[in-house]
Amino acid sequence: MKIIFQKLKFFVLCIYKQTFFIFDKHFFNYILIMRPTVYIKDLSQHVGKEVILKGWLYNKRSSGKLKFLILRDGTGYVQCVVFKGNVSEEIFESAEKLTQESSFEVKGKVREEKRAVGGFELDVIDLKIISIAHEYPITPKEHGIEFLIDNRHLWVRSKKQVAILKIRHRIIKAIRDFFDQRGFVLFDPPIITPNACEGTSTLFEMDYFDLGKAYLTQSGQLYAESGAMALGKVYTFGPTFRAEKSKTRRHLTEFWMVEPEMAFYNLDDDMDLAEEFIEYIIQTVLKEMKEELKELERDTTNLEKVVRPFPRISYSEAVEILKRKGVDFQWGNDLGGTDETFIGEEFDRPVMIHRYPAEVKAFYMKRDPENPKVALAVDVIAPEGYGEIIGGSQREDDLDALLFRIKEHNLPQSFFEWYLDLRRYGSVPHAGFGLGLERTVSWICGLDHLREAIPFPRMIYRNTP
RNA sequence: UCCGCGGUAGCUCAAUGGCAGAGCAUGCGGCUGUUAACCGCAGGGUUGUAGGUUCGAGCCCUACCCGCGGAGCCA
């Protein structure tokens, strides 16, 4: 504001009804300065008062001398009523000029109005156009997914997308609150890594100066183990990358994952934490994001059932369920997406499947002392067909056993020397898991595709906008 | 990588092998309570690309490009 005053000597400052006006020397144009700032979500506190709102035109309807402007400001939507008898000719024409998504500020009196969406309405006294929008591509009619994704930078303005993104934000906050309240320390792993973490997935490769190839991380877990040995309980939370040419609604090439890692935890402790974690996320979102879930028309009856304890079955029991359902399944194979859906259907809340055949799981998972054929691993399958949202395990803490696994998987031992050091210097039993953020968002919001669960999805055939 | 489906106006979609159309959006006009408002008028097209069959192709055939859905892999 200082700059404006210095540059424009001939401007006059006026204060009228809590609003500052700066007029130019002809008293022709003026700039409104909001005092106080009012957002649509707070309108209930201003009933009967004059306020100034700033935002964008979501939709417009008119009826002769009456215009209905639906304003959105990111916090909500409100219908602004412009009646020709209440405003100057100039203001009425301004309202006429507004196109979809034009930005403007509007001054008016707040009124409770049952007929309007949101329950409040603004009787417009003054209106100032900030910028007239060009013809907006996303019309109030339906669009195809290709077009919407092409226009993702604009699509995020749409009601459902706003609701999803707000729920995503709340889930992230719930995740952080959960761990922070339980003595976990955030421990950020590197994004650029010298080797494949689990040795199997295809990674995004890059040239790293004179050091040869480097890769985008597919998991922060190995680094988190280092953190757990330093800080006891840690969690990582960041983007991870998979170059797999997956082409399904359950996959992105770039996605966010939260990975807690705890010293002195065994598999049972790990499962206890995982179910408490999921319950916390779901119940928090149900309690605090009612409006957004309603906007998404999400039937929350199934989500409400997500309370501890969750059913825990072994992989072998899962195979029995599949066989009982008539699925041709061989003990030893990994569970596919459809298998998971079949098993998920058996329960009304997330199901934990533990003790998988060691051969289908990663090298760092500890074998079950009571049955060396299985690893102390656990996957949590979300209901309603949303599939695996958590994968975790107790880690191999014995140096010799881990060395054997690395050789068995043909992994280059030199890359894992630092990881082996964690077993050389005060090894302890420890465990952890990873939760896929977008799958969680997708499940809670009832989405049919992961691409709507992240602002800018990265998929095999798309890296724009 | 494999299997299936699709590509027509800015968008969503129609169109027996026979004049390329509608709704929304845009522009102009009308309406004092609209809720994806409504009513009237107008502009808007190299039917993904390249070949082929045919008197005639948006439609049939071939190749390619792009996208969507699924499988595998995984969170």
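Look up: the structure comes first, before these words.
Quick caveat, the model's predicted, so the values are computed rather than measured.

Chemist: Can you walk me through the overall build of chain A in this structure?
Modeler: Of regular secondary structure, chain A possesses 14 helices and 20 strands. Referenced to the eigenvectors of the C-alpha coordinate spread, the extents of chain A come out at roughly 85 × 55 × 40 Å. Looking at chain A as a whole, 49% of its 465 residues are labelled buried. Of the contacts formed within chain A by residues at least 6 apart in sequence, a portion of 63% connects residues at least 24 apart. The distance from the centre of the 65 positive side-chain charges to the centre of the 70 negative ones in chain A is 8 Å.

Chemist: What's the story with the sheet that holds strand S12 (residues 213-216) in this structure? I'm lost.
Modeler: Spatially, the three strands line up as an open sheet ordered S10-S12-S11, and their pairing is antiparallel. Two strands lie at the open edges of the sheet, namely strand S10 (192-193) and strand S11 (205-207), each paired on one side alone. Here two bridges tie S10 to S12, and the two strands are oriented antiparallel to one another. Following the sheet pairing, threonine 193 is matched in S12 by tyrosine 215.

Chemist: I tried to follow the pattern of salt bridges on my own but got confused; where do I start?
Modeler: Oppositely charged side chains are able to pair whenever their charged atoms sit close together. Throughout the structure, instances matching the rule amount to 33 salt bridges. Close ionic contact of glutamate 396 with lysine 366 constitutes a salt bridge, the shortest N to O distance being 3.3 Å. Here glutamate 396 is found in the loop between strand S19 (387-394) and helix H12 (399-408), whereas its partner lysine 366 is found in the loop between strand S16 (351-357) and strand S17 (367-368), with 30 residues between them in sequence. As far as burial versus exposure is concerned, glutamate 396 and lysine 366 are alike and both buried. Arginine 405 is paired through a salt bridge with glutamate 408; the nearest N and O atoms lie 3.1 Å apart. In this pair, arginine 405 and glutamate 408 are both assigned in helix H12, three residues apart and thus about one turn of the helix distant.

Chemist: Quick question: what am I supposed to make of the sheet that holds strand S4 (residues 50-63) here?
Modeler: Sheet strands line up and pair through hydrogen bonds in the backbone, either parallel or antiparallel. With respect to topology, five strands assemble into a closed barrel ordered S4-S5-S6-S8-S7, the strand pairing being mixed. Along the sheet, successive strands turn relative to each other by an average axial angle of 55 degrees, direction set aside. Examined bridge by bridge, strand S7 (residues 103-112) and strand S8 (residues 120-131) share ten bridges and lie antiparallel to one another. Following the sheet pairing, serine 103 is matched in S8 by serine 131. Here helix H2 (residues 89-97) sits on the sheet in contact with S4, strand S5 (66-72), strand S6 (77-83) and S8, set at roughly 80 degrees to S8.

Chemist: Please clarify how the pairing of strand S20 (residues 430-436) should be interpreted in this entry.
Modeler: Consecutive residues of a regular strand have side chains that alternate between opposite faces of the sheet. Within S20, seven of the seven residues are buried, which leaves it mostly tucked inside the rest of the structure. Residues His430, Gly432, Gly434 and Gly436 point to one face of S20 and Ala431, Phe433 and Leu435 to the other, with burial holding for every one of them. Sheet analysis places S19 next to S20, joined by five bridges and oriented antiparallel. In the strand pairing of S20, glutamine 394 is matched with alanine 431.

Chemist: Would you take a moment to explain the nonpolar core for this structure?
Modeler: Taken as a class, soluble globular proteins show a tendency for nonpolar side chains to be buried jointly. Of all hydrophobic cores here, the largest spans 47 residues; its most connected members are Ile175, Phe277 and Ile278. Broken down by secondary-structure element, the contributors of at least two residues to this core are helix H5 (159-181), strand S13 (233-241), strand S14 (254-263), helix H7 (267-288), strand S18 (371-382), S19, S20 and helix H14 (437-445). Top element by residues in this core is H7. It accounts for ten residues. Not counting residues up to four positions away in its chain, the partners in contact with isoleucine 175 are Phe237, Val258, Phe277, Ile281, Leu435 and Leu437. In terms of nonpolar packing, the next biggest core, distinct from the first, is built from 30 residues, Tyr315, Leu322, Tyr356 and Phe416 among them.

Chemist: Explanation requested: the packing of aromatic side chains in the structure shown.
Modeler: For any two aromatic rings, the description comes down to two numbers: the centre-to-centre distance and the angle of the planes. Taken as a whole and assessed by the stated rule, the structure comprises 18 aromatic pairs. Residues phenylalanine 178 and phenylalanine 277 carry aromatic rings whose centres are separated by 5.0 Å and whose planes lie at 50 degrees to one another, so their mutual orientation is tilted. Highlighted residues: phenylalanine 178 in helix H5 and phenylalanine 277 in helix H7, separated in sequence by 99 residues. Between phenylalanine 179 and tyrosine 235, the ring centres sit 5.0 Å apart and the planes meet at 25 degrees, which makes this aromatic pair stacked. Residue phenylalanine 179 is located in helix H5, and its partner tyrosine 235 is located in strand S13; the two are separated by 56 residues in the primary sequence. As far as burial versus exposure is concerned, phenylalanine 179 and tyrosine 235 are alike and both buried. An aromatic cluster of at least three residues, connected via ring pairs, comprises Phe178, Phe179, Phe184, Tyr235, Phe277, Tyr280 and Phe433. Seen from the ring of tyrosine 356, lysine 361 lies directly overhead, with NZ or CZ sitting 4.2 Å from the centre.

Chemist: I'm lost on the protein's contact with RNA strand B in this one. Help?
Modeler: Inspection of the region around RNA strand B gives 46 residues, with Asn59, Phe83, His143, Arg249 and Arg439 positioned closest. Among the atoms of RNA strand B close to the protein, meaning within 4 Å, 45% are from sugar or phosphate groups. Glycine 64 places a main-chain nitrogen or oxygen 3.2 Å from a base nitrogen of RNA strand B. Residue leucine 252 places a main-chain N or O atom 2.8 Å away from a base nitrogen belonging to RNA strand B. Looking at the surface near RNA strand B, the elements with two or more residues in it are S4, S5, S6, helix H3 (145-150), S14 and S19. Here the surface near RNA strand B gets four residues from one element, more than from any other, and that element is S4. Here the surface near RNA strand B is composed, by residue class, of 13 nonpolar, 14 polar and 19 charged.

Chemist: What's the story with the environment of asparagine 86 in this structure? I'm lost.
Modeler: Residue position: asparagine 86 is located in the loop between S6 and H2. With 39 residues separating them in the primary sequence, asparagine 86 and isoleucine 125 have C-alpha atoms 6.8 Å apart.

Cut-offs used in this document
Residues numbered from 1 in each chain as written. Chains lettered and ligands numbered in written order. Predicted model: local features only at pLDDT ≥ 70, side-chain atom pairs only at ≥ 80, totals over all residues. Heavy atoms only, no water. Helix = DSSP H or I, 4+ residues; strand = E, 2+ residues; numbered from the N terminus. Buried < 20%, exposed > 50% of the residue type's maximum accessible area, 1.4 Å probe, protein only. Contact = heavy atoms within 4.5 Å. Lys, Arg positive; Asp, Glu negative; His and termini not counted. Charge placed at Lys NZ, Arg CZ, Asp CG, Glu CD. Pairing = 2+ DSSP bridges. Salt bridge = Lys/Arg side-chain N within 4 Å of Asp/Glu carboxyl O. Axes fitted to C-alpha atoms, helices over the stretch in contact; angles between N-to-C directions. Core = buried A, V, L, I, M, F, W, Y, C linked by side-chain atoms within 4.5 Å. Phe/Tyr/Trp six-rings, centres within 6.5 Å; stacked < 30°, edge-to-face > 60°. Lys NZ or Arg CZ within 6 Å of the ring centre and 35° of its normal. Near = heavy atom within 4 Å. Polar contact = N/O pair within 3.5 Å; in protein donor to acceptor, adjacent residues only side chain to side chain. Nonpolar A, V, L, I, M, F, W, Y, C, P; charged D, E, K, R; others polar.

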